[in-house]
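# An overview of the molecular structure
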Amino acid sequence: MPVDRELDSLLHPTTAYTHDWMHCLFVDGVANLTVYLLLEACITEGMSCVYESCSAYLSNWRFPGRLHATHLGDIFIAERRESHRKSHHIKCQASDLLTIMGPLAQFATHALQAAGVANLACIALLCLVDLTDLIVATARIEVTPTMLEAEVQRFLVACTAALGFEWMNSKAHWLLPLPSQLSPFGLSL
């Protein structure tokens, strides 16, 4: 706790709390769960090879060389499938899951939706990708709490429509106050 009295007008520790978006979404978070539930919805609809298809899709994706991402398709290999299913979420590094969000959106659109599989769950994933893109864009553009709140609401509505309320865990709830936690600072993320 800072003891510099000159900072008293700037720092308000009891009112300045906010959740870390990266942990909320990608550390056993909302993204891990949403991707898992999408794949499970595909299995429920008869696409039993969805993990393998996703792995092959990502293995053929060409990431920028600076990312050293040749291992990302391995997240969904058959040997890891049961681990994901047993833990009820995708188990991987947060940065790896963030890296594959764009390719997962393409997979959902061009492989799953094109085949007519798990359309509502695909829409939920696409809303999550939009939300993630908006948060990441704060490094380049102004993102207001109102903009963020609209994306959070769109994602949560899509998820509950596709997957129901029972999947909502504490990290899904962390998304709700995130926009209002930014307002007092007059800042974007």
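Heads up: the structure comes first, above all this text.
My aim in this report is to walk through the structure given alongside it, one point at a time.

The rules we used
Residues numbered from 1 in each chain as written. Predicted model: local features only at pLDDT ≥ 70, side-chain atom pairs only at ≥ 80, totals over all residues. Heavy atoms only, no water. Helix = DSSP H or I, 4+ residues; strand = E, 2+ residues; numbered from the N terminus. Buried < 20%, exposed > 50% of the residue type's maximum accessible area, 1.4 Å probe, protein only. Axes fitted to C-alpha atoms, helices over the stretch in contact; angles between N-to-C directions. Parallel < 35°, antiparallel > 145°, perpendicular 65-115°, else oblique. Left-handed = near helix turned anticlockwise from the far one by under 90°. Contact = heavy atoms within 4.5 Å. Nonpolar A, V, L, I, M, F, W, Y, C, P; charged D, E, K, R; others polar. Salt bridge = Lys/Arg side-chain N within 4 Å of Asp/Glu carboxyl O.

A positive phi is found at Asp28, a non-glycine position, where the angle reads about 45°. If you check the backbone angles, Ala118 has positive phi at about 50° while not being a glycine. With respect to the helices and strands, Ala118 occurs in the loop between α5 (94-113) and α6 (119-136). Look at Ala118 and you get buried, because its relative accessible area is 2%.

A few words on the packing of helix α2 (residues 30-44) against α6. One way to put it is that α2 packs onto α6 with a least axis distance of 9 Å and a crossing angle of 160°. As summarised for this structure, α2 and α6 are arranged roughly antiparallel, according to the angle between their axes. Judged by the sense of rotation from one axis to the other, the crossing of α2 with α6 is left-handed. Every residue of α6 that contacts α2 at Val30, Ala31, Thr34, Val35, Leu38 and Ala41 is listed here: Ala121, Cys122, Leu125 and Leu128. When its residues are assigned to classes, the contact of α2 with α6 shows nine nonpolar, one polar and no charged.

Moving on, we get to the pattern of salt bridges. Here the idea is simple: oppositely charged side chains can pair when their charged atoms come close. The full count for this structure, using the stated rule, is four salt bridges. In this structure, Arg81 and Glu52 form a salt bridge, with 3.6 Å as the shortest nitrogen-oxygen distance. You can see Arg81 sitting in helix α4 (residues 78-87) and its partner Glu52 sitting in helix α3 (residues 50-59), a full 29 residues away along the chain. Among the residues examined, Arg81 registers a relative accessible area of 14% and is labelled buried. On the basis of relative accessibility, which here comes to 32%, the residue Glu52 falls in the partly exposed class.

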